[in-house]
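# An overview of the molecular structure
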Amino acid sequence: MDQLSAGVPVAIHLETHIKQDDDVSDYRLDVDGQLVQMGDNLYLRYLEPNQETHEQTPVTMKFTPDGAVHLTRNAEAELRLHFISGKRVTARYQTPYGIMPIETVTPFLETSFQERPFSGNVKIDYLLYAGEELVGNYKIRLQFTA
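In this report, we go over the structure that sits alongside the text. This is a predicted model, so every value here is computed, not measured.

### A look at the overall build of the protein chain
- When helices and strands are tallied, the protein chain shows 0 helices and 10 strands.
- Ordered by position in the sequence, the α and β elements of the protein chain form the string β-β-β-β-β-β-β-β-β-β.
- Relative to its length of 146 residues, the protein chain is compact, with a C-alpha radius of gyration of 15 Å against a globular reference of 15 Å.
- Taking the principal axes of the C-alpha coordinates as reference, the protein chain spans close to 45 × 35 × 30 Å.
- Among the 146 residues that make up the protein chain, the fraction classed as buried is 39%.
- Long-range contacts, defined as pairs at least 24 residues apart, comprise 36% of the intrachain contacts of the protein chain with a sequence gap of at least 6.

Structure representation (structure tokens):
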């Protein structure tokens, strides 16, 4: 895993299932990214294309040794989510109009990594709250391979 400190290119397959009220949507993305190890943490970085605006949003997933996952999306509004299995965690949503307090509850979180070839599998089920109001129920399934 020594080459990870310099970063290695990875192929990423991401599926997201979103349920907000009675609306259900599924999103799939196949994109190239980069995996970097800094200290004990792994960082997966990629650009998420927007089909409507043709802009690309930088996305970073940070995996910590304790099993937590941090997700950051740097678009016009910056979203920072923190997932810890079984916990309710305060998150940050920076909009052009100010910071909106949100929280995640993560009933299911599983990460696994293999060394040869280096690959990973991430499963996150979470609930997103704005105050006490449930915004949506999300499932992220992500695989990557070097």
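### Details of the packing of aromatic side chains
- All chains considered together, the criterion is met by 6 aromatic pairs.
- Look at F83 and Y126: their rings are 4.6 Å apart centre to centre, the planes differ by 50°, and that puts the pair in the tilted class. Separated by 43 residues along the polypeptide, F83 in strand 6 (residues 78-83) and Y126 in strand 9 (residues 119-130) bring together distant segments of the chain.
- Taking relative accessible area as the criterion, Y126 reaches 6% and is therefore assigned buried.
- Three or more aromatic residues link up through ring pairs in this structure, and these residues are F63, F113, F118 and F144.
- In this structure, R88 packs its charged tip against the face of Y129, placed 4.3 Å from the ring centre.

### Looking at the pattern of salt bridges
- Overall, the coordinates contain 8 salt bridges when judged by the stated rule.
- Between R88 and E103 there is a salt bridge, and its shortest N-O distance comes to 2.7 Å. Of the two residues, R88 sits in strand 7 (residues 88-95) while E103 sits in strand 8 (residues 98-114), which places them 15 residues apart along the sequence.
- Exposure remark for E103: the relative accessible area of 22% places this residue in the partly exposed category.
- The residue R141 makes a salt bridge to D125 at a minimum N-O spacing of 2.9 Å. Linking R141 in strand 10 (residues 133-145) with D125 in strand 9, this pair joins segments that are 16 residues apart in sequence.
- On the basis of relative accessibility, which here comes to 22%, the residue R141 falls in the partly exposed class.
- Exposure remark for D125: the relative accessible area of 12% places this residue in the buried category.
- When salt bridges with common partners are traced through the structure, they connect E78, R80 and R92 into a single cluster.

### Remarks on the nonpolar core
- Counting 31 residues, the largest nonpolar core has L44, M61, L81, I124 and L142 as its most contacted members.
- Setting aside residues no more than four positions away along its own chain, I124 makes contact with M61, V69, F83, T106, F108, L109, Y138, K139, I140 and R141.

### A short note on the sheet that holds strand 7
- Taken in spatial order, the 10 strands of this closed barrel run 1-2-3-4-5-6-7-8-9-10, and their pairing is antiparallel. Taken over all neighbouring pairs, the strand axes of this sheet differ in orientation by 25° on average, direction set aside.
- Here 3 bridges tie strand 6 to strand 7, and the two strands are oriented antiparallel to one another. In the sheet register, E78 faces strand 7, and the bridge partner there is Q94.

### Details of the environment of F83
- Accessibility expressed as a relative area gives 0% for F83, which makes it buried.
- Spatially, the C-alpha atom of F83 lies 17 Å from that of Q143, the residues being 60 residues apart in sequence.
- When residues no more than four places from it in sequence are discounted, the contact partners of F83 are A68, V69, L71, T104, T106, L109, I124 and Y126.

Definitions and limits used
- Residues numbered from 1 in each chain as written.
- Predicted model: local features only at pLDDT ≥ 70, side-chain atom pairs only at ≥ 80, totals over all residues.
- Heavy atoms only, no water.
- Helix = DSSP H or I, 4+ residues; strand = E, 2+ residues; numbered from the N terminus.
- Rg over C-alpha atoms; globule rule 2.2 N^0.38 Å.
- Buried < 20%, exposed > 50% of the residue type's maximum accessible area, 1.4 Å probe, protein only.
- Contact = heavy atoms within 4.5 Å.
- Phe/Tyr/Trp six-rings, centres within 6.5 Å; stacked < 30°, edge-to-face > 60°.
- Lys NZ or Arg CZ within 6 Å of the ring centre and 35° of its normal.
- Salt bridge = Lys/Arg side-chain N within 4 Å of Asp/Glu carboxyl O.
- Core = buried A, V, L, I, M, F, W, Y, C linked by side-chain atoms within 4.5 Å.
- Pairing = 2+ DSSP bridges.
- Axes fitted to C-alpha atoms, helices over the stretch in contact; angles between N-to-C directions.

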